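# Structural overview
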Amino acid sequence: MRTYTVAEVRADLAGAGGEQLRSLIETHSRDTRAGIQAVVASAALRLRRETAEAERLTHLSSLEDDLRSAGFNHVAGLDEVGRGALAGPLTAAAVVLPPGARIEGLDDSKRLSPERRVQVAERVHATALCVGVAHVPAHVVDGLGMTAALRWAMERALALLEPAADHAVTDGLRIGLSVPETPVVKGDSSVAAVAAASVVAKVARDALMTSLAHRYPEWGFDVNKGYGTAEHLSSIGHYGLCPLHRRSFGPCKDAPTLF
């Protein structure tokens with residue numbers, strides 16, 4: 001029987017995955033040399049992590065699978081971002097994933113770094129059957145109030161889907177949408193399409209606020225994205241409000257404006 005070098009075993013294991021990796025681990029684990037055992041232990045740890053991630057992604061898709069079994073063909077996940085911002089739009093995203101979709105790294109956007117969110121958003125766009133993103137500007141949020149603005153944002157995101165969704169899964173409470181809906185508490189971390197929508201909405205709104213920062217540099221929207229950070233509140237106190245600010249929100253109500 002041939003004796004493999006540590007480098008050969010490392011390369012052998014590095015190029016394998018799934019059942020092939022499991023089989024190679026079993027084979028090479030019979031070699032009692034310390035160097036080989038260390039390489040095998042590292043590969044076994046990678047296999048456990050990959051298996052756990054595959055199980056997590058499968059669980060994320062379970063509700064959508066159940067809804068498809070109940071007769072719904074295009075299940076959209078919806079989520080929003082910007083609800084608590086003092087400036088900028090309320091942004092909603094709707095995402096329909098194909099059956100069996102597994103998107104590497106997919107999770108609630110709040111659990112991902114900005115760089116990781118962009119990567120996952122790109123994978124969502126590449127994998128999804130359709131994606132809709134709607135921005136509701138600050139003056140509309142002021143005029144409608146948050147509840148109505150949220151419903152409007154999600155309806156607009158749904159209207160952009162092609163093919164159209166026949167069921168919606170939302171994060172948290174029932175919205176009252178024009179299609180049947182299933183609200184799921186913490187849906188952005190437990191339902192694949194809702195997690196995908198949370199990532200897409202966050203990346204889209206962040207990109208928009210960064211672009212608008214060049215038009216309104218005094219308020220630092222590329223850094224605070226319109227939220228009530230200490231620096232943003234200081235800028236409001238010094239410069240007043242710009243057209244992106246929500247004048248119905250507490251810190252903005254009595255502030256002066258430059259526009």
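See the structure above.
## Examining the sheet that holds strand β4 (residues 167-171)
Taken together, 5 strands build an open sheet; the order of strands is β3-β2-β1-β4-β5 and the sheet is mixed. Of all strands in the sheet, those with a lone pairing partner are β3 (130-136) and β5 (181-184), marking the two edges. Across this sheet, the average inter-strand angle for adjacent strands is 20°, counted without regard to direction. Of the pairings in the sheet, the one linking strand β1 (residues 75-81) to β4 comprises 4 bridges and is parallel in character. Paired with Val75 across the bridge in β4 is His167. Across the sheet, helix α7 (residues 146-159) touches β1, β2 (90-96), β3 and β4, and the angle it forms with β2 is around 40°.

## Structural notes on the packing of aromatic side chains
Taken as a whole, this structure holds 3 aromatic pairs when the rule is applied. Seen in terms of ring centroids, Tyr216 and Trp219 are 6.4 Å apart; in terms of plane orientation they differ by 70°. Their pairing is edge-to-face. Classification of Trp219 by relative accessible area gives buried; the value is 1%. Taking 6.5 Å as the distance between ring centres and 10° as the angle between the ring planes, the aromatic pair formed by Trp219 and Phe221 counts as stacked. Note on Phe221: relative accessible area 0%, which makes it buried. Taken together through their ring pairs, the aromatic side chains of Tyr216, Trp219, Phe221 and Tyr239 make up a single cluster. Above the ring of Trp152, the side-chain terminus of Arg156 is found at 5.0 Å from the ring centroid.

## Quick word on the packing of helix α1 (residues 6-14) against helix α2 (residues 18-28)
Following both chains from N to C, one finds α1 and α2 inclined at 160°, their axes separated by 9 Å at the closest point. The pairing of α1 with α2 is recorded here as roughly antiparallel in orientation. Packed against α1, whose contacting residues are Val9, Asp12 and Leu13, the element α2 presents Leu21, Leu24, Ile25 and His28 at the interface. Looking at the contact of α1 with α2 residue by residue, the classes come out as 5 nonpolar, 1 polar and 1 charged.

Rules used throughout
Residues numbered from 1 in each chain as written. Predicted model: local features only at pLDDT ≥ 70, side-chain atom pairs only at ≥ 80, totals over all residues. Heavy atoms only, no water. Pairing = 2+ DSSP bridges. Helix = DSSP H or I, 4+ residues; strand = E, 2+ residues; numbered from the N terminus. Axes fitted to C-alpha atoms, helices over the stretch in contact; angles between N-to-C directions. Contact = heavy atoms within 4.5 Å. Phe/Tyr/Trp six-rings, centres within 6.5 Å; stacked < 30°, edge-to-face > 60°. Buried < 20%, exposed > 50% of the residue type's maximum accessible area, 1.4 Å probe, protein only. Lys NZ or Arg CZ within 6 Å of the ring centre and 35° of its normal. Parallel < 35°, antiparallel > 145°, perpendicular 65-115°, else oblique. Nonpolar A, V, L, I, M, F, W, Y, C, P; charged D, E, K, R; others polar.

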